[in-house]
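# Secondary and tertiary structure notes
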Amino acid sequence: MTTIAPSGVPADTAPRRTRRRLHRGERSLRTTVVLLVVGFNAVLLVYPVVSALRGSFHRWNPLNGTYDPIGFENYATLFTDPVFWRTALNTVVFGTVVITLRVAVGLALACAIFARVTRWKTFFRTIFYLPTVTPLVAVAYVWKLAYHPQIGAVDTVLGLDINWLYDSTFALPAIMVMTVWKDFGYAVILFLAGLYAIPEETLEASVVDGCSPAQRFRFITLPLLAPMTVFVVVTSVIAYLQAYVQILVMTGGGPGRSTNLISFLIYEEAFVKYNFGYASAIAFVLFFCTALMTVVSFRLAGGRSLLKAAR
Amino acid sequence: MKRSGALVASIGVTALVLVGCSPGEGSTAVEVTVAPSGLPVQGETLTYDPNRLVNDGEVISLDWWLWDGDEVFQAFADAYTELHPNVEISIVNQPWDDYWTKLPLALRDGSGPALFNIHNSHHDNLIGYLEPYDLPLDALAADYLGVDAHLVDGQVHYLDYGLMTGLVYYNADMWARAGLTEDDHPATWDELREVAQRLTVRDGDRLTQAGFSFNSLFREFSLGLPYQEGQHLFAADMVTPDLDNPTMLSVVERFLDLYEVDQVGSKDFGPVADESFGQGQTAMIYTWGHFYGSLLEDYPDIDFGTFRTPVPDTGEEPYAYDRYNGESTTGINAGASAEEIAVAQDFVRFSLTHADLMRDLCLHYSVLPMYTALADDPAIAAHPVLSALGDVDRYIWPGPLPAAFESSVDVMWEDILYNGVEPAAALATAQQTVEREIAHDGFVSRENHYAAYPAER
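Residues numbered from 1 in each chain as written. Chains lettered and ligands numbered in written order. Predicted model: local features only at pLDDT ≥ 70, side-chain atom pairs only at ≥ 80, totals over all residues. Heavy atoms only, no water.

In the annotation of an unreviewed UniProt entry, chain B is listed under the name ABC-type sugar transport system, periplasmic component and assigned to Sanguibacter keddieii.

An unreviewed UniProt entry annotates chain A as Permease component of ABC-type sugar transporter originating from Sanguibacter keddieii.

### A word on the overall build of chain B
If you tally the helices and strands in chain B, you get 17 helices and 16 strands. With respect to the three principal axes, the spread of C-alpha positions in chain B is 90 × 60 × 45 Å. The proportion of buried residues among the 457 residues of chain B is 53%. Considering only intrachain contacts with a sequence separation of at least 6, the fraction spanning at least 24 residues in chain B is 75%. Surface accessibility of chain B: about 19500 Å² in total, with carbon and sulfur atoms responsible for 50%. Computed over 21 positive and 73 negative side-chain charges, the separation of the two mean positions in chain B equals 6 Å. (Helix = DSSP H or I, 4+ residues; strand = E, 2+ residues; numbered from the N terminus. Buried < 20%, exposed > 50% of the residue type's maximum accessible area, 1.4 Å probe, protein only. Contact = heavy atoms within 4.5 Å. Areas by Shrake-Rupley, 256 points an atom, 1.4 Å probe, with all protein chains shown as cover. Lys, Arg positive; Asp, Glu negative; His and termini not counted. Charge placed at Lys NZ, Arg CZ, Asp CG, Glu CD.)

### So, a nonpolar patch on the surface
All names here are of chain A. Judged by side-chain polarity, W120, F123, I127, Y129, L130 and V133 come together as a nonpolar surface patch covering roughly 640 Å² of accessible area. In this fold, I127 is placed in helix α4 (residues 121–133). Of the residues examined, I127 reaches a relative accessible area of 37% and is grouped as partly exposed. (Patch = residues over 30% accessible without salt bridge, like charges linked within 9 Å, V, L, I, M, F, W, Y side chains within 5 Å. Salt bridge = Lys/Arg side-chain N within 4 Å of Asp/Glu carboxyl O.)

### Some details on empty space enclosed by the protein
Residue and element names in this part refer to chain B. By the definition in use, this model includes two cavities of 30 Å³ or more. Each pocket or cavity is described by its volume, and for the largest cavity that value is around 120 Å³. F76, T329, T330, S351 and M358 are the residues nearest the centre of the largest cavity, which is lined by 14 residues in total. When contributions to the lining of the largest cavity are tallied by element, the ones reaching two or more residues are α2 (70–83), α12 (338–353) and α13 (355–365). For the lining of the largest cavity, the element with the most residues is α12, which contributes four residues. Tallied by class, residues from the lining of the largest cavity come to 10 nonpolar, four polar and no charged. When its volume is computed, the second largest cavity comes out at roughly 50 Å³. (1 Å grid on protein atoms, 1.4 Å probe; cavity = no way out; pocket = protein on both sides within 12 Å on 5 of 7 lines; lining within 4 Å. Points joined across faces, edges and corners; volume = space filled by probe spheres on them. Nonpolar A, V, L, I, M, F, W, Y, C, P; charged D, E, K, R; others polar.)

### Here we look at the sheet that holds strand β4 (residues 87–93) of chain B
Residue and element names in this part refer to chain B. Taken together, the four strands give an open sheet; going across it, the order is β4-β3-β5-β14, and neighbouring strands pair in mixed fashion. In this open sheet, the two strands that pair with only one neighbour each are β4 and β14 (331–332). Inspection of the sheet shows strand β3 (residues 60–66) paired to strand β5 (residues 115–116) by two bridges, in the parallel sense. If you follow W65 over to β5, its bridge partner there is F116. (Pairing = 2+ DSSP bridges.)

### Details of the nonpolar core
Counting residues in hydrophobic clusters, the biggest one holds 204 residues, and the most contacted among them are Y169, F212, F255, M284, L352 and W413 of chain B. Among the elements that take part in this core, helix α7 (residues 171–196) of chain A stands out by supplying 13 residues, more than any other. If we skip the residues at most four places from it in the chain, F255 of chain B touches W189, F212, F214, F221, L225 and W413 of chain B. (Core = buried A, V, L, I, M, F, W, Y, C linked by side-chain atoms within 4.5 Å.)

### Quick look at the interface of chain A and chain B
Contacts between the two partners involve 23 residues from chain A and, on the opposite side, 28 residues from chain B. Roughly 2200 Å² is buried in total at the junction of chain A and chain B, and carbon and sulfur atoms are behind 51% of that figure. Contact with chain B buries area across many residues of chain A, yet L63, Q150 and Y166 of chain A alone supply 29% of it, more than any other trio. Across the chain A-chain B interface, the total number found is two salt bridges. For K273 of chain A, the salt bridge identified is with E437 of chain B, shortest N-O distance 3.0 Å. Scanning the region where chain A abuts chain B turns up 15 residue pairs in polar contact (both at pLDDT 80 or more). Of all the secondary structure elements, the ones that give two or more residues to the side of chain A that touches chain B are β1 (58–61) and α12 (262–272) of chain A. (Buried area = accessible area lost by both parts, 1.4 Å probe. Polar contact = N/O pair within 3.5 Å; in protein donor to acceptor, adjacent residues only side chain to side chain.)

### Details of α12 of chain B
Compared with the 22 Å implied by 1.5 Å per residue over 16 residues, the 23 Å span of α12 of chain B between its first and last C-alpha is a close match. Along α12 of chain B, the residues classified as buried are I341, V343, A344, Q345, D346, F347, V348, F350, S351, L352 and T353 of chain B. (Expected span 1.5 Å × (residues − 1).)

### Observations concerning the domain arrangement of chain B
Residue and element names in this part refer to chain B. For chain B, the domain assignment lists domain 1 (57–158 + 325–353) and domain 2 (164–321 + 384–449). Between domain 1 and domain 2, the C-alpha centre-to-centre distance is 33 Å. Taken together, the 11 residues of domain 1 in the interface contact eight residues of domain 2. In total, about 870 Å² of surface goes out of reach between domain 1 and domain 2, with carbon and sulfur atoms giving 55% of it. In terms of surface lost to domain 2, no three residues of domain 1 exceed D148, A149 and N325, which account for 51% of the buried area on that side. (Domains from an automatic or database assignment.)

### Some remarks on the UniProt feature "domain: ABC transmembrane type-1" (unreviewed entry) in chain A
Per the UniProt record, "domain: ABC transmembrane type-1" (unreviewed entry) is annotated on residues 88–297 of chain A. Within residues 88–297 of chain A, the helical portion is 76% and the strand portion 0%, while the C-alpha atoms at the span's ends are 19 Å from each other. (UniProt positions renumbered as here; feature names shortened; annotations may be inferred.)

### Details of the packing of α7 of chain A against helix α10 (residues 226–241) of chain A
All names here are of chain A. In contact at an axis separation of 10 Å, α7 and α10 are set at 155 degrees when each is read in the N-to-C sense. Between α7 and α10, the angle is such that the two are roughly antiparallel. Regarding α7 and α10, the two cross each other, and that crossing is right-handed. Contacts between α7 and α10 pair T179, D183, Y186, A187, L190, F191, A193 and G194 from the former with M228, T229, F231, V232, T235 and Y240 from the latter. (Axes fitted to C-alpha atoms, helices over the stretch in contact; angles between N-to-C directions. Parallel < 35°, antiparallel > 145°, perpendicular 65-115°, else oblique. Left-handed = near helix turned anticlockwise from the far one by under 90°.)

### A short note on the environment of N86 of chain B
Residue and element names in this part refer to chain B. Relative to the helices and strands, N86 resides in the loop between α2 and β4. Its relative accessible area of 2% is what places N86 among the buried residues. Here the alpha-carbon distance between N86 and G43, two residues 43 residues apart in the chain, equals 23 Å.

### So, the packing of aromatic side chains
If you walk through the whole model with that rule in mind, you get 59 aromatic pairs over all chains. Plain terms: the ring middles of F123 of chain A and F124 of chain A are 5.6 Å apart, the flat faces sit at 65 degrees to each other, and that makes the pair edge-to-face. Look at F123 of chain A and you get partly exposed, because its relative accessible area is 47%. Between Y169 of chain B and F291 of chain B the ring centres are 5.1 Å apart and the planes differ by 85 degrees, which places this aromatic pair in the edge-to-face class. Here Y169 of chain B is found in strand β8 (residues 160–171), whereas its partner F291 of chain B is found in helix α11 (residues 291–298), with 122 residues between them in sequence. Y169 of chain B sits in the buried class, given a relative accessible area of 0%. Directly above the aromatic system of Y321 of chain B lies the positively charged group of R308 of chain B, at a separation of 3.3 Å from the ring centroid. (Phe/Tyr/Trp six-rings, centres within 6.5 Å; stacked < 30°, edge-to-face > 60°. Lys NZ or Arg CZ within 6 Å of the ring centre and 35° of its normal.)

Spelled out as structure tokens, the structure:
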């Protein structure tokens, strides 16, 4: 027997229709949002990437309309170009040192702030994060001035006489120090979040079991922070393989080629020499290297932490 | 019903906004029916007669893109629109860094301005979008120097209104403290070395005032001074770069000696020579005329003087004193409408024949006028930079050099000074780099347009 609602609509079908209508509305909203995101990525990400990939097989200058197919010539030139290899080596050194220091300094300061004895935790968090939110261009200009051999703060304070940004021994390390100073706050905040996520009882249990602070850090804190460490490393790899602003502002890749990084080389080829085809070829090599290093980072750090978690 | 009402209302509001933003809004141009009369014809060989209607007196608007010098270029636009009130010229300033990507792309997609300023270093990216000047070439060449070097397929798309080149700037206070007078302006490089030593100040072993510095200003002299001894930047085929030669090596060694033998400066004292000069640490630098404007604007407290670039030997006229680069006249967009192009052509002719405005422009940018009518102009002769340069026809232009030349020379010098590379090896590397990088550019040097270029080479 069917109950009739006062409006004449069967009582059990009315809410179902409403639900269906709601469901349909929600579904169309979801579809719209997804389509917008897909469209956005297709236009602003996939299309440019595909264009650049095609362009890497051409002698290409979009400003004057040059677009001549040359096969793999850009890639062949690239792999025999000593400037590219010097730049690639600089990038590896820069990335390795800066990422290592960022993780080490970030982790150390996060642990220091996390410790029970530390007071004014919010104050320290804010102070350490301040350089991260300051524009890199502004920071680079200030540090460039600080490194000036005659009027710079660094030589004055340390009592040294070093031409930091023009001496090939010191130029890249000087930029690395600035970059670590600028970026370590990001790692501090992330590691702090990771530390606060460690179950309190786990740490207390280790105290009851007689663990020393060093053992607790080595066998509990570090393994439980592994996912966050992987995240910091992977995002750092992606960021530092693309670093060029500090090079542009502080040294222009010099002296000679001693601070030239891959992304700066891409910028120079594309926007100084208008050699977009060659720049695209370098960009794709960088793209594959970034992807490869990201996978390797995940495999190494992620795999190990999973293994330890299983034990 | 409500929906359709809202739709109509929103369309109405949008239309109002669009009308409010239309180009006609705020335009000062008015239709003109009667041509001006009785106004003097201006110019020398190339002339401009203002006594006629432009665009049949109908209102027309042109955009003019530039990256600098709004006021000095606005004067051209104002003078022209005063003669032709039916024309409006709107100046749009685009920062230098954006200009060279925005402009070609705008010209390519048809949204570019009718008029735009040009720097010849971007010749390759712009030449395809330029409308040739509709001017009698004989008359143009009679009034402007260097026109033949700008011919492309027998047509001129832009030319030089001024010549920019190098000279020596000195700090007048340091000069006086060293007991030097204007009679001590060095005419040769050996004399400059002696003066630089007198201007050098030390506190014990520590340099406190450099007598001469060239740090970070390498490209300026390296690509100019070999000409003094007749060495060109290109081989006789006008295509093969020629950096690795004994003359270039001698120029490198002469400058190295200033630091290593005379010790009048140091690679580590004032890493950027012009900044160091502005900060009052360095007594003399060699750089190009544009530094005059930077000194007035950025370092107004520095009292300075200038003198012409020294030469190798006393009393001997060099093959050329230096390399120059031209400051270019305005370009016309070939993709603009026929009416816009016609007015733009008229405006260019007006500009090229207006001696007063051309003088102001040359003084503003510290460039020697290429307009022969200004050759003996007293204001030009009194300008601190231009008075030091001397004869305009003793400077040579190699053409709009590809960026590879300047960047390779910078790397070469940094390798020599800071990375311990031997000069000969650094020169060889620079030669290889430039050869590789310009291999597909199709660049052809204009050195053979120089008046003293040898008939047989």
